[in-house]
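Each chain, written out:
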Amino acid sequence: MSRGLYDGEIKALAASQIAPQSLPGPDLQISVDNPFCGDRIDLQLNIEAGRVTALAQDIRACMLCQASANVVAKSAIGLSRDDIEAVSIELTAMLKGNDSDCWPPVDWESLALFEPVSRHKSRHGCVTLPFTALLKALPDTP
Amino acid sequence: MSDTHNWSPESLRRQFPILDRKVHGEPLHYLDNAATTFSPECVHEAMSRYENHYRSNVQRGVYQLGVESTEAYEEARNSAAKFLNATSADEIIFTSGTTFSVNLIAYCLSQSFKPGDEIVVSVAEHHSNFIPWQRLREQCGVEMKLIPVLANGSLDLSQLDTIITDRCRLVAVSHISNVTGSITDLKHITGLAHRQGALVFVDGAQATPHGPVDVQALNVDFYAFSGHKSYGPTGVGVLWGRRELLDALPPFLTGGGMIERVTAQTTRYLSGNRRFEAGTPPIAQVIGLGAALDWLMALPWQEIRDYEQKLSGRLLAGLLDIQGLRLLGEQAVTHRAPIFSFDIESCHSHDVCQILDDYGVALRGGHHCAQPLMDALGLVATSRASIAVFNNESDIDALLVALNKVLEVLR
């Protein structure tokens, strides 16, 4: 059942446009697709010393992916690839049903809204796609 | 096998035990038949009979079980030939499905293609009838030309005579679109293609669930379809080709079952269809497919088509009543197959289909393996309802009621 997937907070999060659709001079850009459904994120980043300083994204995706992308847009600024990867690992563990004392990660509390998605394996990729995009775009921390 | 004289939707439904199950406590309303149809009991029984009574390899053993399995396997080939109105069962190749069939034809034809040759494909093709031709473009230097689509996703054939030139070697199109339900004007395409000396390959995966096909009347050169979309098992399909063309093609896969003689130095291959069935085939699935095709051929198709159109009309009326809904394909039920893709403004198809599932309504959401078409239409995904012979008014009504619930949640 989809109960909890489309609560008001998720809908509001999906509807909020936190990041612009493009940056005037992006340092990095990438397009990622969810092959399962065709959801697509065109991501642009500015970085300084390996940390995200600005983020833009053009999202053509379902509500869950849009909501997740907006969480990323809100919380990724100032973080390094390692920081974001740590959050991504926690998110994936939560979706797979693995309990963790670190959940939800500090400053990423709104990811808790996606807990009902753990029951829907076919939708996990919708929530993780924005993290996949970010991690693909960011270079490994030296 | 069904009794054509006592056909009714309810009698047909009783042959599909899966329709008795519930989903989330709701009756199942399965409308994803363009992806996979359910199989009637006679298909399961045919496969079970093989497994329980004469399971053995085909074309090999002289013992009784081997004889029986070979007979059943070849009987399925006869059924496929009859279903397609092929001139001979020797024109039927069993494959794992349409994807395999397209790849087989692409590989075999490519052996004679040269740079500068042209292949014509439509923008609306399923990836399985698109990517193999893209690969040939990369591997053989052939040019791939595209038939465009109209705003509703149906093929735009207005410039076809300039697209198919004397350099065209092959036109590859679907008989019915798996997204729009549009029916391709194959006679028009075949006429132009043959005039230029090109062959015509048809992906019939969405046509065969809606009744027998006459490949001779269509005047095409190759025709492929899948078992799992035609009330048969998964993992099996049919490729039909004109005998003289099959004889001229090189083998695709090599191995046992496709040779006349192997020496330490060389191999002489069987001719015609046998050349293309290397290794042990999916015997149970082929026998199940034969049962499905016999079952399909026994249905009263004029009545079934009238029935499908009645359901389609009911669905179309309901869909077109929804504010912000964009329907792909033709709007007249007489000019389309019962496959309905739609996009609802501000509602992504995955969210739509997720909530529909709460009500036992099974629809496909996504790009339907037709991303070039989605790009051409400015879409990333649609929701798709596809009707089979066992669907009824209750299924249509359940979808329409549930869609209104979806809108309450998402809007």
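What you see is a predicted model; the values in this text were computed from it and never measured.

*Asks:* What should I look at first to understand the overall build of chain B in this one?
*Replies:* When its secondary structure is counted, chain B shows 14 helices and 17 strands. Scaling as 2.2 N^0.38, a compact globule of 411 residues should have a C-alpha radius of gyration of about 22 Å, and chain B matches this with 22 Å. Judged by the C-alpha coordinates and their principal axes, chain B covers about 70 × 55 × 35 Å. Looking at chain B as a whole, 59% of its 411 residues qualify as buried.

*Asks:* Is there a simple way to think about the packing of helix α2 (residues 63-75) of chain A against helix α4 (residues 124-137) of chain A in this case?
*Replies:* Angle between the axes and distance between the axes: these two values describe a pair of packed helices. Residue and element names in this part refer to chain A. It is the contact of α2 with α4, at a shortest axis distance of 7 Å, that shows an interaxial angle of 40°. As summarised for this structure, α2 and α4 are arranged oblique, according to the angle between their axes. When the axes of α2 and α4 are compared, the crossing they make is right-handed. For the pair α2 and α4, the contacting residues are L64, C65, S68, A69 and V72 in the first and C126, V127, L129, P130, F131 and L134 in the second. For the contact of α2 with α4, the per-class residue count stands at 10 nonpolar, 1 polar and no charged.

*Asks:* How do you make sense of the pairing of strand β9 (residues 222-226) of chain B when you look at a structure like this?
*Replies:* Where a strand is regular, its side chains alternate between the two sheet faces. All names here are of chain B. Along β9, 5 of the 5 residues are buried, which leaves the element largely enclosed by surrounding structure. Side chains F222, A224 and S226 project from β9 onto one buried face, and the interleaved Y223 and F225 project onto a second face that is buried too. Pairing geometry for strand β8 (residues 199-203) and β9, over 3 bridges, is parallel. If you follow V202 over to β9, its bridge partner there is Y223. Bridging between β9 and strand β10 (residues 237-241) involves 5 bridges; their strand directions are antiparallel. The residue bridging F225 from the neighbouring strand is V238, located in β10.

*Asks:* Looking at this model, I keep getting lost on the pattern of salt bridges. Mind explaining?
*Replies:* Proximity of charged atoms lets side chains of opposite charge pair with each other. Residues and elements named next belong to chain B. All chains considered together, the criterion is met by 24 salt bridges over all chains. Note that D395 and R13 form a salt bridge whose closest N and O atoms lie 3.5 Å from each other. On the criterion of sequence distance, the pair formed by D395 in helix α14 (residues 393-410) and R13 in helix α1 (residues 9-13) is long-range, its members being 382 residues apart. Each member of the pair, D395 as well as R13, is classed as buried. Put simply, R364 and D32 hold a salt bridge, and the shortest N to O gap is 3.4 Å. Of the two residues, R364 is situated in strand β16 (residues 364-366) and D32 in the loop between β3 (29-30) and α2 (41-54); the sequence distance between them amounts to 332 residues. Classification of R364 by relative accessible area gives partly exposed; the value is 35%. When its relative accessible area of 8% is taken as the criterion, D32 is described as buried. Bridged by salt links that share partners, the residues E74, R77, R274 and E277 form one connected network.

*Asks:* Explanation requested: the sheet that holds strand β6 (residues 143-147) of chain B in the structure shown.
*Replies:* Two orientations exist for strands paired in a sheet by backbone hydrogen bonds: parallel and antiparallel. Residues and elements named next belong to chain B. Taken in spatial order, the 7 strands of this open sheet run β4-β10-β9-β8-β7-β5-β6, and their pairing is mixed. Of all strands in the sheet, those bounded by a partner on one side alone are β4 (92-95) and β6. Taken pair by pair, the neighbouring strands of this sheet meet at an average axis angle of 20°, ignoring direction. The pairing of β4 with β10 spans 4 bridges and is antiparallel. If you follow I93 over to β10, its bridge partner there is L239.

*Asks:* I would appreciate a short explanation of the domain arrangement of chain B in the present structure.
*Replies:* Interfaces are often sized by the amount of accessible area the parts lose when they come together. Residues and elements named next belong to chain B. Assigned domains of chain B: these are domain 1 (4-30 + 300-410) and domain 2 (46-297). Of note, the centres of domain 1 and domain 2, computed from C-alpha atoms alone, are 28 Å apart. Across the boundary between the two partners, domain 1 contributes 31 residues, which contact 28 residues of domain 2. Summing both sides of the interface, domain 1 and domain 2 together bury roughly 2,200 Å²; the carbon and sulfur share of this comes to 60%. Sorting the residues of domain 1 by area buried against domain 2 places W301, I339 and L373 first, and these three jointly supply 26% of that buried surface. Applying the counting rule to domain 1 against domain 2 returns 0 salt bridges. The tally of links from domain 1 across to domain 2 stands at 17 residue pairs in polar contact (both at pLDDT 80 or more).

*Asks:* I'm lost on the environment of V72 of chain A in this one. Help?
*Replies:* Residues and elements named next belong to chain A. With respect to the secondary-structure elements, V72 resides in helix α2. With 19 residues separating them in the primary sequence, V72 and T53 have C-alpha atoms 13 Å apart. If we skip the residues at most four places from it in the chain, V72 touches L55, W108, P130, F131 and L134.

*Asks:* Would you explain the sheet that holds strand β3 (residues 51-60) of chain A in this entry?
*Replies:* Residues and elements named next belong to chain A. Pairing is antiparallel across the open sheet formed by 3 strands, whose spatial order is β1-β2-β3. Looking at strand neighbours, the two that pair on one side only are β1 (28-33) and β3, the edges of this open sheet. Strand-to-strand twist of the sheet, defined as the mean angle between neighbouring strand axes without regard to direction, takes the value 20°. Summarising the sheet, strand β2 (residues 40-48) and β3 pair through 9 bridges and their orientation is antiparallel. The partner of D42 across the bridge, within β3, is D58. The strands touched by α2 within the sheet are β2 and β3, with β3 carrying the most contacts at an inclination of about 165°.

Each value, and the rule that gives it
Residues numbered from 1 in each chain as written. Chains lettered and ligands numbered in written order. Predicted model: local features only at pLDDT ≥ 70, side-chain atom pairs only at ≥ 80, totals over all residues. Heavy atoms only, no water. Helix = DSSP H or I, 4+ residues; strand = E, 2+ residues; numbered from the N terminus. Rg over C-alpha atoms; globule rule 2.2 N^0.38 Å. Buried < 20%, exposed > 50% of the residue type's maximum accessible area, 1.4 Å probe, protein only. Axes fitted to C-alpha atoms, helices over the stretch in contact; angles between N-to-C directions. Parallel < 35°, antiparallel > 145°, perpendicular 65-115°, else oblique. Left-handed = near helix turned anticlockwise from the far one by under 90°. Contact = heavy atoms within 4.5 Å. Nonpolar A, V, L, I, M, F, W, Y, C, P; charged D, E, K, R; others polar. Pairing = 2+ DSSP bridges. Salt bridge = Lys/Arg side-chain N within 4 Å of Asp/Glu carboxyl O. Domains from an automatic or database assignment. Buried area = accessible area lost by both parts, 1.4 Å probe. Polar contact = N/O pair within 3.5 Å; in protein donor to acceptor, adjacent residues only side chain to side chain.

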